[in-house]
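Listed here are the chains, written in short residue letters.
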Amino acid sequence: MTPPGPPSEPTHDTAPVPAHAVLGPAGAPRHAIVLAPVLARWDHGAFFRRIAGPFLDSGHRVTIHDTLALLRDGDDLGSLVHRWARYLAPRKDPGPAPGAHGPSRHAPPDVLVGNALGGAVVQGMLGEEWTHRAKVLLLSGPTVADHRLNTTLERIAATADAEGLPAATRLLEDVVRGPDGPAGAAHRRPTAPDAPAPTASARPTAADEPAARRLAAGLRLLHDADARHPVRDFPGPLLHVYGERSRLVGREHLATGPLPHHRLVAVPRAGMRPHADRPDLVRHTLTRFLGAELK
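Residues numbered from 1 in each chain as written. Predicted model: local features only at pLDDT ≥ 70, side-chain atom pairs only at ≥ 80, totals over all residues. Heavy atoms only, no water.

A.B. asks: Before we go on, may I ask you to explain the overall build of the chain in this structure?
C.D. replies: From N to C terminus, the chain includes ten helices and seven strands. Looking at the chain as a whole, 53% of its 295 residues qualify as buried. Restricting to contacts in the chain with at least 6 residues of sequence separation, those with at least 24 account for 77%. Here the chain has roughly 13200 Å² of accessible surface; of this, 55% comes from carbon and sulfur atoms. (Helix = DSSP H or I, 4+ residues; strand = E, 2+ residues; numbered from the N terminus. Buried < 20%, exposed > 50% of the residue type's maximum accessible area, 1.4 Å probe, protein only. Contact = heavy atoms within 4.5 Å. Areas by Shrake-Rupley, 256 points an atom, 1.4 Å probe, with all protein chains shown as cover.)

As structure tokens, this is what we get:
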């Protein structure tokens, strides 16, 4: 008797739908797929909602995925990229298109969006031919990790392992928050949805343990990330948006190709979360990006 082979990679037909949120009408003519940053707990797409307006106004249905939902024990970034590429690849067989995945599961997305880890995953997928008709938007999504980024992320991950979620969250907030003042502190969001910002007296609980492990595993995926080759060769429009005053992912971690429609936009007075620190400026940038090819 032939022993069973290894389990197949997830596809639309063989895997449960990863945790996701959907914005916009089922009949929208265009589809944007968003991959989330590392979140200790899935926030149901809350991180993206403040800048979803330009997508909805331009006729997109937006599917926001929890990037870590497809993570398996032992995965590195390449494994996660491969799994998402397999999952998101358009179906070739006919049949009804479930509404949760946008206008059609048979067509490639019109826009691919990635925030932080989600941006690294999106960039890793750009060698896939089905991505080449999409516009690509990257929000503080590192193309390449250097020693400083590796060290910072490992320090936070190690703290999550040794001291628990509250201590790790304090360190993470310290490096991702925007600059003090109306453009930064006034727009800060807690890491977990609807949760107060952690305080010095916070102590880990048993309920925090899975979230701490998830946070540590997600941050470690970015160690030595390098997607410069698929980014360089990507033929479509590509836009990096990052905070000019980010203390985590900065200009040195971003790369583009030689094409004129590959662009970088630094958001002034913004940190690692420019879409939270300066949503007005980011929405304006996205409106222009979605409305026309960048020249």
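Picking up after the structure, the text goes on.
A.B. asks: Just to check I follow, could you spell out the pattern of salt bridges for this structure?
C.D. replies: Side-chain pairs of opposite charge can arise whenever the charged atoms involved come near each other. A complete count under the given rule lists 13 salt bridges for this structure. Put simply, Asp75 and Arg83 hold a salt bridge, and the shortest N to O gap is 2.3 Å. Residue class for Arg83 comes out buried when judged on its relative accessible area of 9%. Between Asp110 and Arg133 there is a salt bridge, and its shortest N-O distance comes to 2.7 Å. Taken together, the residues Asp110 in the loop between α3 (77-88) and β4 (111-115) and Arg133 in the loop between α4 (117-124) and β5 (135-139) connect sequence positions 23 residues apart. Looking at Asp110, the relative accessible area reads 18%, which means it is buried. (Salt bridge = Lys/Arg side-chain N within 4 Å of Asp/Glu carboxyl O.)

A.B. asks: For this particular structure, what's the right way to read the environment of Gly218?
C.D. replies: Mapped onto the secondary structure, Gly218 falls in helix α7 (residues 209-220). Distance in space between the C-alpha atoms of Gly218 and Leu68 is 7.0 Å, their sequence separation being 150 residues.

A.B. asks: Hey, could you run me through the environment of Ala40 in this one?
C.D. replies: The topology assignment puts Ala40 in the loop between β2 (30-35) and α1 (46-49). For the pair formed by Ala40 and Leu165, sequence separation is 125 residues and the distance between their alpha carbons is 8.2 Å.

A.B. asks: So what exactly am I meant to see when it comes to the nonpolar core here?
C.D. replies: Inside soluble globular proteins, nonpolar side chains tend to come together where they are buried. By size, the foremost hydrophobic cluster in this structure holds 53 residues, and its most contacted members are Trp84, Leu117, Val121, Val122, Met125, Val136 and Leu215. In this structure, Val113, Leu239, Ala270 and Leu286 belong to the second largest nonpolar core, which totals 26 residues. (Core = buried A, V, L, I, M, F, W, Y, C linked by side-chain atoms within 4.5 Å.)

A.B. asks: Help me out: how do you make sense of the sheet that holds β2 in this one?
C.D. replies: Strand pairs in the sheet, formed through backbone hydrogen bonds, run parallel or antiparallel to each other. Across the sheet, which stays open at both edges, the seven strands sit in the order β1-β3-β2-β4-β5-β6-β7 with mixed pairing between neighbours. On the outer flanks of this sheet lie β1 (20-23) and β7 (262-267), each paired with one strand and no other. Here the strands of the sheet are splayed against their neighbours by 15° on average, with no regard to which way each runs. (Pairing = 2+ DSSP bridges. Axes fitted to C-alpha atoms, helices over the stretch in contact; angles between N-to-C directions.)

A.B. asks: Teacher, can you tell me more about the packing of aromatic side chains here?
C.D. replies: Think of a pair of aromatic rings as described by two things: how far the centres are apart, and how the planes are tilted against each other in angle. Considering all chains together, one arrives at three aromatic pairs under this definition. With a centroid separation of 5.9 Å and an interplanar angle of 85°, the aromatic rings of Trp84 and Tyr87 are classed as edge-to-face. Placement of the pair is Trp84 and Tyr87 together in helix α3, with a separation of three residues, close to one helical turn. Grouping aromatic residues by their ring pairs yields a cluster made of Phe47, Phe48 and Phe55. The ring of Phe289 has Lys135 sitting right over it, with the charged end atom 5.5 Å from the ring centre. (Phe/Tyr/Trp six-rings, centres within 6.5 Å; stacked < 30°, edge-to-face > 60°. Lys NZ or Arg CZ within 6 Å of the ring centre and 35° of its normal.)

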